[in-house]
Amino acid sequence: MRITRWSNRYQSRRDPQSELRIRLRDLAGTRIRYGYRRLTVMLRREGWRANTKRVYRLYREEALQVRTKKRVKSAAQVRITLPEATFVNQRWSMDFVIDGRWFRILTIVDQYTRECLCLHADRSQTGEKVTEQLDRLITLRGAPESITSDNGCEFTGKAMDLWAHLAGVKLNFIRPGKPVENGYIESFNGRLRDECLNVEVFLELADARRKLDQWKTDYIISELQVRALPGSPLWFLTS
């Protein structure tokens, strides 16, 4: 009996990895800002024997890519390029995240390592409270060369100006309406909102601070483990 090659095709015997796919979808559904590298770290924590390439293949097949909105290009404008950090603790970025209910969160990150240095929630934030958190960080890590922020009154007031003078820290303010000039903190704030603020319910200020500390710890550990993967950005910091 003669059979044409069109009716007798090869069928793959590859394991469909059904259980791994289900768990990958679950993780991607709860951590919507995680890419395949961070999801690989989460899977390894749970005991899955899956390398980065396999997770990436399943990640693409399940269409779990983090979607970003396409921005319409506007007319080119002259942009002041701020110098990039070249070593740890050289430049920090800070900003506020408004929960929309009854507290604000002060966020501070290291521009070189993307490490979250501060995640402090309070019912109100003033220049004096910002300097208190900065003093605490300097005691632990030392003072940076500069800090980048927007032109909020908490950052441009007399309290911050006096603190920067005494600490020997330069304050770099971005242009009004140009948050892209402080992209490090904007990216971090977006992840914080997607992974924590939009999925958690905060009963009181103490509960909010506890859950933010838990998320911060998980974020730091995940970032360190992702960077330890060969080929990841800044992987050499952990090698």
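Per chain, residue numbering runs from 1 following the sequence as it is written. Given that the model is predicted, a residue must reach a pLDDT of at least 70 before its local features are reported, and side-chain atom pairs must reach 80 or more before they are shown or counted; all residues, however, enter totals for whole chains, interfaces and linings. Think of the side-chain values as coming from all heavy atoms in the structure, minus any hydrogens and water.

Draft legend 1. Examining the overall build of the protein more closely. Numbering of helices and strands runs from the N terminus, with a helix taken as a DSSP run of H or I at least four residues long and a strand as a DSSP run of E at least two residues long. Looking only at helices and strands, the protein features eight helices and five strands. Taken from N to C terminus, the helices and strands of the protein fall in the order α-α-α-β-β-β-α-β-α-α-β-α-α. Exposure categories follow from relative accessible area, calculated using a 1.4 Å probe and restricted to protein chains: below 20% of the type maximum is buried, above 50% is exposed, and the middle band is partly exposed. Counting all 239 residues of the protein, 41% fall into the buried class. We call two residues contacting when some pair of their heavy atoms lies within 4.5 Å. When contacts within the protein are restricted to residue pairs at least 6 apart in sequence, those whose partners lie at least 24 apart make up 63%. Only the protein chains shown count as cover for residues, and all accessible areas are computed by the Shrake-Rupley method using a 1.4 Å probe. Entry remark: accessible area of the protein is about 15000 Å², with carbon and sulfur atoms responsible for 52%.

Draft legend 2. Region of interest: the packing of helix α4 (residues 127–141) against helix α6 (residues 158–167). Where α4 contacts α6, the axes come no closer than 8 Å and their chain directions differ by 25°. On the basis of their axis angle, the class for α4 and α6 is roughly parallel. Judged by the sense of rotation from one axis to the other, the crossing of α4 with α6 is right-handed. Mapping the contact onto sequence places Gly-127, Glu-128, Val-130, Thr-131, Leu-134, Asp-135 and Ile-138 in α4 and Ala-159, Met-160, Trp-163 and Ala-167 in α6. Charged means Asp, Glu, Lys or Arg here, nonpolar means Ala, Val, Leu, Ile, Met, Phe, Trp, Tyr, Cys or Pro, and polar covers whatever is left, Gly included. Broken down by class, the residue content of the contact of α4 with α6 amounts to seven nonpolar, two polar and two charged. Note on method: axes are straight lines fitted to C-alpha atoms, helices fitted across the in-contact stretch only, with angles between N-to-C directions ranging 0 to 180 degrees. Any angle that is under 35 degrees is reported as roughly parallel, and any over 145 degrees as roughly antiparallel; angles of 65 to 115 degrees are reported as roughly perpendicular and all others as oblique. Take the far helix as your reference; a near helix turned counterclockwise from it by less than a right angle gives a left-handed crossing, and one turned clockwise gives a right-handed crossing.

Draft legend 3. Looking closely at unusual backbone geometry. At Asn-89, a position not held by glycine, the phi torsion is positive, near 65°. Mapped onto the fold, Asn-89 is located in the loop between α3 (52–61) and β1 (91–98). Positive phi is not limited to glycine here, since Arg-114 has a value of about 65°. Summarising the element assignment, Arg-114 is placed in the loop between β2 (104–110) and β3 (116–122). A residue is classified by how much of its surface remains accessible, and Arg-114, at 36% relative accessible area, is partly exposed.

Draft legend 4. View of the packing of helix α2 (residues 36–45) against α3. Remark: α2 packs on α3, axes separated minimally by 9 Å, with the N-to-C direction vectors making an angle of 115°. The handedness of the crossing between α2 and α3 comes out as right-handed. Of the residues in α3, those touching α2 at Tyr-36, Arg-37, Leu-39, Thr-40, Leu-43 and Arg-44 are Thr-52, Val-55, Tyr-56 and Tyr-59.

Draft legend 5. Just the pairing of β3, in detail. With seven of its seven residues buried, β3 lies for the most part within the structure. Should DSSP find at least two bridges between two strands, the strands are taken to pair. Summarising the sheet, β2 and β3 pair through six bridges and their orientation is antiparallel. The partner of Ile-108 across the bridge, within β3, is Cys-118. Hairpin connection, β2 to β3: the antiparallel pair is bridged by five residues, and Arg-114 has positive phi, about 65°.

Draft legend 6. Representation of the environment of Asp-135 in the model. Mapping Asp-135 onto the fold places it in helix α4. In this structure Asp-135 comes out as partly exposed when scored by relative accessible area, which is 38%.

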